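# Remarks on the overall topology
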Amino acid sequence: MTGTILLTGGTGFIGSHTAVELIKRGYEIVIADNLSNSCADVIGKIGIITGVTPRFYKADVCDRESLRAIFSENDITEVIHFAGLKAVGESVIVPLSYYRNNIDSALSLLEVMDEFGVKRLIFSSSATVYTAGDVSPITEDMPTGGCTNPYGWTKYMIEQIIRDKSVADPEFSAVLLRYFNPIGAHESGLIGEKPNGIPSNIMPTITQTVAGRLDMVHIFGGDWPTKDGTGVRDYIHISDLAAGHAAAIDYARTHTGAEPINLGTGTGYSVLELIRAFERVNCVNVNYDISSRRAGDLGVCYASAEKAERLLGWHAVKGIDDMVRDAWMWEKKSDIPKQT
Ligand code: WQD
């Protein structure tokens, strides 16, 4: 099938890696991004990696006129919606910005998709929609809601909006991809995770500590009910996560309805295991201490990856060594300024 896939937020961490994977598989893509949390030079890097420089629109997905222009100028057949504010901690500080931006952009996108008769959507959701609890592996039929932060609530609400849309329009097809912990970078070291300011996620905290941009990693809690007392998460290589989106596109083309699907490996690693792997693979030392737990954290959280395998024929193939190697390669190659 021909047609073009629109990636909103396609210059971000997950969007850019998905762009690479889609182009590699021969899909035609176009990227729209307001660059509020990414750089336009990512477009050129996608071109270097794949040999194809995707068409790019600097646009705010909340702005329906901008969206209409994109849909008018391209034969859009599917949309992968990445665009949105995504910092859990920030969402607690400025909740209205998160609700306005994330809900508004989703509604604007769905309305313009309607105007142009586009009926297939892949939504960038998150494991934070699951009701907090220490039961893992997490399956897609487990309770959602009771989110611990506004960011998670926006993902939960957008999932519901999409579900209701698919009930109202039987031809509508949506895959709600619930990400666990994407880390690492493209093996070229040309694209990767570039958090604004001081990172909150563990992987950039580790790489920036080893690079001398941060003093040390504070491990949030050494008294969790885990093998070594530190928190356990389902880390998935960003390139595996990106490949999951290509599989979701193929699935959406042959199904209707709104389908939640976990994108994780099904394996949990503790923070200390992640740090040890990073040291072993990269022959470096990570300076860390064990500090108090972070508010809102879970002790254990990892996915059941069974449904993704069953419905998408997809599973993660890269292991923790690939993740820590590629994350370090990116840190060494990227031009992230030292933290002042
Ligand atoms: C991972 C582990 C921490 C930082 C978040 C979002 C989630 C998703 C992925 C968007 C935990 C520990 C961390 C540090 C630490 N993002 N940690 N010291 O919280 O699992 O998930 O990112 O969808 O929505 O909530 O990821 O990387 O912050 O934490 O000890 O400086 O590392 O306690 O066990 P998290 P994280």
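See the structure printed just above.
Residues numbered from 1 in each chain as written. Predicted model: local features only at pLDDT ≥ 70, side-chain atom pairs only at ≥ 80, totals over all residues. Heavy atoms only, no water.

## Brief notes about the site of the ligand
Our working rule: If even one non-hydrogen atom of a residue comes within 4 Å of a molecule or strand, that residue is called near it. We define a polar contact as two N or O atoms separated by no more than 3.5 Å, with the added condition that, inside protein, one atom must be a possible hydrogen donor and the other a possible acceptor, whereas residues neighbouring each other in sequence contribute only through side-chain atom pairs. Helix and strand definitions here come from DSSP, where helices need a minimum of 4 consecutive H or I residues and strands a minimum of 2 consecutive E residues; each element is numbered from the N-terminal end. For this scheme, ten residues count as nonpolar: Ala, Val, Leu, Ile, Met, Phe, Trp, Tyr, Cys and Pro. Four count as charged, namely Asp, Glu, Lys and Arg, and the remainder, Gly too, count as polar.
Lining the immediate surroundings of the ligand are 18 residues, of which Tyr151, Ile202, His218, Arg233 and Asp297 lie closest. Between the ligand and Asn201, the relevant distance is 3.1 Å, taken from an oxygen atom to a side-chain nitrogen or oxygen of the residue. One of the backbone nitrogen or oxygen atoms of Ile202 is found 2.8 Å away from an oxygen atom of the ligand. Where the shell around the ligand is concerned, the elements lending two or more residues are α7 (202–210) and β8 (217–220). Examining the composition of the shell around the ligand, we find that 3 residues originate from one element, β8, more than from any other. Considered class by class, the residues forming the shell around the ligand number 7 nonpolar, 8 polar and 3 charged.

## Quick notes on the pattern of salt bridges
Just so we agree on the cut-off: Counted as salt bridges are all cases of a side-chain nitrogen of Lys or Arg within 4 Å of a carboxyl oxygen of Asp or Glu.
Taken as a whole and judged by the stated rule, the model has 26 salt bridges. Where salt bridges share partners, they join Asp114, Lys119, Lys165, Asp169 and Glu171 into one cluster.

## What to know about the pairing of strand β3 (residues 55–58)
Going by this rule: Following DSSP output, two strands are said to pair if at least two bridges run between them. The crossover handedness rule: strands pointing away from the viewer, path from first strand over the helix to second strand clockwise, crossover right-handed.
Relative to β3, strand β2 (residues 28–33) runs parallel, the two sharing 4 bridges. Paired with Ala32 across the bridge in β3 is Tyr57. Between the parallel pair β2 and β3, the chain is carried across by helix α2 (residues 41–50), and the sense of this crossover is right-handed.

## Structural notes on the nonpolar core
Test applied: Among buried residues, those of type Ala, Val, Leu, Ile, Met, Phe, Trp, Tyr and Cys that are joined through side-chain atoms within 4.5 Å constitute a nonpolar core. When accessible area is computed with a 1.4 Å probe and restricted to protein chains, residues below 20% of their type maximum are described as buried, those above 50% as exposed, and intermediate ones as partly exposed.
Formed by 37 residues in total, the largest nonpolar core has its most connected members in Leu7, Ile29 and Trp314. At the level of elements, β1 (4–8), α1 (13–24), β2, α2, β6 (173–179), α8 (238–252), β11 (257–263) and α10 (306–312) are the ones that each hand at least two residues to this core. If one sorts the elements of this core by residue count, α8 sits on top with 9 residues. Among the nonpolar cores identified, the runner-up in size contains 25 residues, and Val30, Ile70, Val118 and Ile158 belong to it.

## Structural notes on the packing of helix α3 (residues 64–73) against helix α5 (residues 95–115)
When two helices pack together, their arrangement is given by the angle between the helix axes and the distance between those axes. Here is the rule we go by: Geometry is summarised by axes, namely lines fitted to C-alpha atoms with helices restricted to the contacting stretch, and by angles between N-to-C directions that run from 0 to 180 degrees. In these notes the angle categories are as follows: under 35 degrees is roughly parallel, over 145 is roughly antiparallel, 65 to 115 is roughly perpendicular, and the rest is oblique. Note on convention: the crossing is left-handed when the near helix lies turned anticlockwise from the far helix by less than a right angle, right-handed when the turn is clockwise. Contacts between residues were defined by any pair of non-hydrogen atoms, one from each residue, lying within 4.5 Å.
The geometry of α3 relative to α5 is characterised by a closest axis approach of 10 Å and an angle of 40° between their N-to-C directions. Viewed along their axes, α3 and α5 adopt a mutual orientation that is oblique. Remark: the crossing between α3 and α5 carries right-handed chirality. On α5, the residues touching Arg64, Leu67, Arg68 and Phe71 of α3 are Ser108, Leu109, Glu111, Val112, Met113 and Glu115. Here the residues of the contact of α3 with α5 sort into 5 nonpolar, 1 polar and 4 charged.

## Quick word on the pairing of strand β4 (residues 76–81)
Most of β4 is tucked away, with 6 of its 6 residues classed as buried. Across 5 bridges, β1 lies against β4 in parallel orientation. In the sheet register, Leu7 faces β4, and the bridge partner there is Ile80. Across 3 bridges, the pairing between β4 and strand β5 (residues 120–126) is parallel. Across the sheet, the residue bridging to Val79 is Leu121, located in β5.

## Quick word on the sheet that holds β3
Hydrogen bonds between backbone groups are what pair the strands of a sheet, and the pairing can be parallel or antiparallel. What the 7 strands build is an open sheet, ordered β3-β2-β1-β4-β5-β6-β11; its pairing is parallel. Two strands bound the open sheet, and with one partner strand each, they are β3 and β11. Across this sheet, the average inter-strand angle for adjacent strands is 20°, counted without regard to direction. Of the strands in this sheet, β5, β6 and β11 touch helix α6 (residues 150–168), which is tilted by about 155° from β5. Relative to the sheet, α8 contacts β1, β4, β5, β6 and β11, its axis offset from that of β6 by approximately 160°.

## Looking at the environment of Ile236
Structurally, Ile236 is set in strand β10 (residues 235–237). Owing to a relative accessible area of 0%, Ile236 belongs among the buried residues under this scheme. Taking the C-alpha atoms as reference points, Ile236 and Asp322, 86 residues apart in sequence, are found 9.9 Å from one another. Apart from residues lying up to four places away in sequence, Ile236 is in contact with Asn181, Pro182, Ile183, Leu241, Leu263, Gly264, Thr265, Trp314, Ala316 and Met323.

By themselves these figures say nothing about function.
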